[in-house]
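The lines below spell out each chain.
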Amino acid sequence: MKTMDYKRPGLHGEIQVPGDKSISHRSVMFGAIAEGTTTVEGFLLGEDCLSTIDCFRKLGVKIDVDGTNVKIESAGIDAWKEPKEVLYTGNSGTTTRLMLGILAGTKIHTIMTGDASIGKRPMRRVVDPLRLMGAQIAGREGGQFTPLAIQGTELTSIDYTMPVASAQVKSAILLAGLRAKGTTVVRESEISRDHTERMLRQFGAKVETADGVVSFEGGQKLRGTHVNVPGDISSAAFFLVAGAIAQKSEIVLKNVGVNETRAGIIDVLQAMGADMEVVIEDEQAAEPTATITIRTSNLAGTTIEGAIIPRLIDEIPILALLATQAQGRTIIKDAEELKVKETDRITAVVAELKKLGADIEATEDGMIINGPTKLHGASLQSYGDHRIGMMAAVAALIADGPVEIDDPDCIAVSYPMFFEHIEALMNH
Ligand code: S3P
């Protein structure tokens, strides 16, 4: 339990948000698959990424963590040991789903399980295409839910059209494709984040991408390399919104990853009229970065739908809070994927923002918000979901009374320094 009685402060100063969660996971996975040494800088020490490290250590991969620098030494995937223990993936959907793709093509047997939230998240979306490649995976309800047992085997490539926009599904197939005979092809009608494709290239693989089609030859070897992890735009999102809605504020966010498959929130803030500047720092890097300045803004409601949804799927809880402070109606649709995140985020966001006095209704595939409304204090639930917890904390910055959250510790999944950063900006 944490009570936040922030008394509507102005927020000022500069912060560097922690490393990108998606890229941090992949840096360890790719480093473990590759032969040689991989060094990572800017790694996210959040609980999810530590779960990934823990799984690979159980597979016998040597991983040293020194602050946010990580060194992975591997003799390649065929040198992994069959673990005596269950691989525990905690709260992390990315670890569970991508590991399925990786483990399917090994020569070893593994069992994977996670926390109560992971136990409710659908795995058939990954297990089904992997089975088409020949994977041997067993689990509850035909492989829909953890615990999952994976007997590594030889795989053959597939040409797969994605039924949902999901980078986790795409990445699991591509990672299995590394070990498969033939050319693996994945087709997406809406483009999901492309960190896996970028990192495959960084580790020396040849990958073709064009018009939503990714293809590459199986059997390619990865070579250890250096990975620079940019700041996580999904973490920056909480401060972008805080800066826009808190009174008399100006926040500078340094080294934010702005890969266009992730940066939908920037487009939405611009469309809503936010007072914001984005200065791209390194466009040539494997993952481009920017310095973003955000100031207190007069915002107008907007519609968020269609192809932009996968580009901001994790930012919808905080964008819903933003919309409560915008003039007019905001409509969020085509976002039914929110129902299968760490919790059902449509239900959770609507229930918790209502407790603060917001005018918000759930729809089948999103929500409708009318603004602006003055928010008051309330006692909120995070449902063990880091992004709902952080949404509640940002709401506390603008609410008239104290806001309480039941489980502030869940925020450490992606942003262990979150409350320190809020305090630094309030006391500047
Ligand atoms: C992620 C992909 C997204 C995202 C998740 C991380 C990834 O999930 O919501 O937080 O690292 O690939 P889906 O691919 O299931 O949409």
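What you see is a predicted model; the values in this text were computed from it and never measured.

Asks: Hey, could you run me through the UniProt feature "domain: Enolpyruvate transferase" (unreviewed entry) in the chain in this one?
Replies: UniProt feature "domain: Enolpyruvate transferase" (unreviewed entry): in the numbering of this structure it lies at residues 11–421. Here residues 11–421 is 31% helix and 27% strand, with 10 Å between the C-alpha atoms at its ends.

Asks: Can you help me understand the side chain of R345 in this one?
Replies: In this fold, R345 is placed in helix α11 (residues 345–355). Overall, the relative accessible area of 1% leaves R345 in the buried class. At 2.9 Å, the side chain of R345 and the side chain of E342 are in polar contact. Beyond its immediate chain neighbours, meaning those up to four positions away, R345 contacts D314, P317, L338, K339, M367, D385, H386, R387 and I388.

Asks: Would you explain the domain arrangement of the chain in this entry?
Replies: Interfaces are often described in size by the accessible area the parts lose on coming together. Examined at the domain level, the chain breaks down into domain 1 (2–19 + 230–426) and domain 2 (21–228). For domain 1 and domain 2, the distance between their C-alpha centres works out to 29 Å. Note on domain 1 versus domain 2: buried area summed over both sides is about 2200 Å², and carbon and sulfur give 48% of it. Here domain 1 and domain 2 share two salt bridges between them. Between R193 and D314 there is a salt bridge; the shortest N-O distance is 3.3 Å. For the pair domain 1 and domain 2, the interface holds 14 residue pairs in polar contact (both at pLDDT 80 or more).

Definitions and cut-offs
- Residues numbered from 1 in each chain as written.
- Predicted model: local features only at pLDDT ≥ 70, side-chain atom pairs only at ≥ 80, totals over all residues.
- Heavy atoms only, no water.
- UniProt positions renumbered as here; feature names shortened; annotations may be inferred.
- Helix = DSSP H or I, 4+ residues; strand = E, 2+ residues; numbered from the N terminus.
- Buried < 20%, exposed > 50% of the residue type's maximum accessible area, 1.4 Å probe, protein only.
- Polar contact = N/O pair within 3.5 Å; in protein donor to acceptor, adjacent residues only side chain to side chain.
- Contact = heavy atoms within 4.5 Å.
- Domains from an automatic or database assignment.
- Buried area = accessible area lost by both parts, 1.4 Å probe.
- Salt bridge = Lys/Arg side-chain N within 4 Å of Asp/Glu carboxyl O.

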